[in-house]
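# Remarks on the overall topology
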Amino acid sequence: MAVIRIFLLVGLLQGTWALVYVNPNMKSFSYAIKNGFIHANVEKTLYEHDSGQPGVITEQWFTGTRAMNQDTRIRIYIDGEMEASLDFNLFLAHGLGFPERDDLGNIPWGTRRIAHSADGGIYNTIRIPFSKSFRVTATDPDSNSFWYIIRGVENYPVVLGDLILPPHTKLRLYKNEDVYMKPMEFLRLAQVKNSAGALFMVTLVANSSNLVFLEGCMRSYIDDSNRTTWLSSGTEDFFLSAYYFDKGLYHLDNAGLTYLDKNGSGLVSAYKFFENDPLLFTKSFELWWRCSDRDFSRDKLHGCPNTWPDPTPPRSEQFFTKYSSMKEKIYSKEEPSLRGKPSKFAGKEGFFTNDSITLKEKMAMTGNSFLFDSGILQPTTVTTYTWVYEW
């Protein structure tokens, strides 16, 4: 009976986790740099792997003396690329959108995939696949010392949660950097054409004068459908929090908030992983965010659903393809059906409150014209990193 229980347990685990069986072709590789030195604005190779075998990078660790920080650029050239398909800011890739000094009071923290474990010590276990080779480089605006570790396994599959991805899978990064957005404006975070794949990670960094931009819903369009796949009822909801992140910072495996300043401003840095709730597509994928939002009762064309079944219309064929020419119409202050109706709140004074729940309720009940005219809806500068596995 005990043996049967063991077999049942193993079977259950195999159904829960993508267990990878060892084969004789698997081979680990690892390298470390001690007291390395990087010259200002000179791209430096940290490691190069060219065995001709496929594999996966499994871990990278970075630290330095005024290097390997929020100003460091990392590039990973996959399979002989002349232009790196993975080209990123080191801190943004780890969910951090502000200088290291702003995170020192929170460290050490760590999750399954990213961590900030010491002053300057940052690492990740993001699985980066390659077919035959790769090269990792760093560029920094200052000349400084650094330390670095990289590890991986040849002939090892890419595992996303409990899914083993196809052997030709690539990891792609889609970026928006310092985009100035008007209230109610849309921003495309990723667009994938003629490929199957899975969303892996989203990082959003936003800077505004308040947190009202967090009303924006995340939406996606999968496999050429014009029906919206709604991913959240607001921005903080997408990152698995609520009420404008009213409980502060958190660093969890599925999502986290690494920076928040709501004392007279709206500064946010957050990340979300899609390992335990895979978002899959077979031929195309688009991910969009809106700078603040209304529900369907107040925005019949572009608002978020407020009931089930989904009352929102499908997007028109031209909405996003001709989006720039439609902006002025989208940004009209209020739908005609709401014009002339007095707001429950007579002025901006007293609108904002330290009680995030009350503020959310005020936003839900207030008309668009008051929000625009009183200056409550403010522009926001946004940076996003969206990582997608494609095959």
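Structure shown above.
So, here's what we can say about the structure. Remember, it's a predicted structure, so these values are computed and weren't measured experimentally. (Residues numbered from 1 in each chain as written. Predicted model: local features only at pLDDT ≥ 70, side-chain atom pairs only at ≥ 80, totals over all residues. Heavy atoms only, no water.)

Right, let's talk about the sheet that holds strand β17 (residues 218–222) for a bit. One open sheet holds the four strands; their spatial order is β15-β23-β17-β18, and the pairing between them is antiparallel. Bordering the open sheet on either side are β15 (186–193) and β18 (229–230), each of which pairs with just one other strand. Pairing geometry for β15 and strand β23 (residues 284–290), over seven bridges, is antiparallel. Bridge pairing links Arg-188 to Trp-288 in β23. (Pairing = 2+ DSSP bridges. Helix = DSSP H or I, 4+ residues; strand = E, 2+ residues; numbered from the N terminus.)

Moving on, we get to the sheet that holds strand β10 (residues 134–139). Pairing is antiparallel in the open sheet, where four strands are placed in the order β2-β10-β4-β5. The open sheet has two edge strands, β2 (44–49) and β5 (86–89), and neither has a second partner. For this sheet, the mean inter-axis angle between neighbouring strands, taken without regard to orientation, is 15 degrees. Where strand β4 (residues 73–78) lies against β10, six bridges are found, and the strand directions are antiparallel. Following the sheet pairing, Ile-76 is matched in β10 by Val-136. (Axes fitted to C-alpha atoms, helices over the stretch in contact; angles between N-to-C directions.)

By the criterion of burial, strand β21 (residues 266–273) is predominantly enclosed, with eight of the eight residues buried. Of the two faces of β21, the one lined by Gly-266, Val-268, Ala-270 and Lys-272 and the one lined by Leu-267, Ser-269, Tyr-271 and Phe-273 are each fully buried. Here strand β16 (residues 197–208) runs beside β21; their pairing, made up of eight bridges, is antiparallel. Bridging across to β21, Val-205 finds its partner in Ser-269. When strand β20 (residues 255–261) meets β21, the two strands line up antiparallel, connected through six bridges. (Buried < 20%, exposed > 50% of the residue type's maximum accessible area, 1.4 Å probe, protein only.)

Before going further, it helps to examine the pattern of salt bridges. Two side chains with opposite charge may pair up if their charged atoms get near one another. Applying the stated criterion to the full structure yields twelve salt bridges. Of the charged contacts, one joins Arg-315 and Glu-286 as a salt bridge, the two residues approaching to 2.9 Å between their closest N and O atoms. Of this pair, Arg-315 sits in the loop between β23 and α3 (327–330) while Glu-286 sits in strand β23, placing them 29 residues apart in sequence. With respect to class, Arg-315 is no different from Glu-286; both count as buried. Salt bridges linked by common partners bring Arg-219, Arg-290, Asp-293 and Asp-299 together as one network. (Salt bridge = Lys/Arg side-chain N within 4 Å of Asp/Glu carboxyl O.)

Once that is clear, we can look at the state of the cysteines. One pass over the structure, following the stated rule, counts one disulfide. Note on cysteine connectivity: Cys-217 is disulfide-linked to Cys-304, with sulfurs 2.1 Å apart. Taking the sign of the S-S torsion, 120 degrees for the link of Cys-217 and Cys-304, the bridge is right-handed. Taken together, the positions of Cys-217 in the loop between β16 and β17 and Cys-304 in the loop between β23 and α3 put the pair 87 residues apart, joining distant regions of the chain. Judged by relative accessible area, which is 1%, Cys-217 ranks as buried. (Disulfide = S-S within 2.5 Å.)

Turning next to unusual backbone geometry. Working note: non-glycine residues mostly have negative phi, and peptide bonds are mostly trans. Going from Ile-107 to Pro-108, the amide bond is cis rather than trans, its omega being 5 degrees. Assignment of secondary structure puts Pro-108 in the loop between β5 and β6 (109–110). Of note, the amide linkage connecting Trp-308 to Pro-309 takes the cis form, showing an omega dihedral of 0 degrees. Looking at the element boundaries, Pro-309 is found in the loop between β23 and α3. A positive phi is found at Leu-240, a non-glycine position, where the angle reads about 65 degrees.

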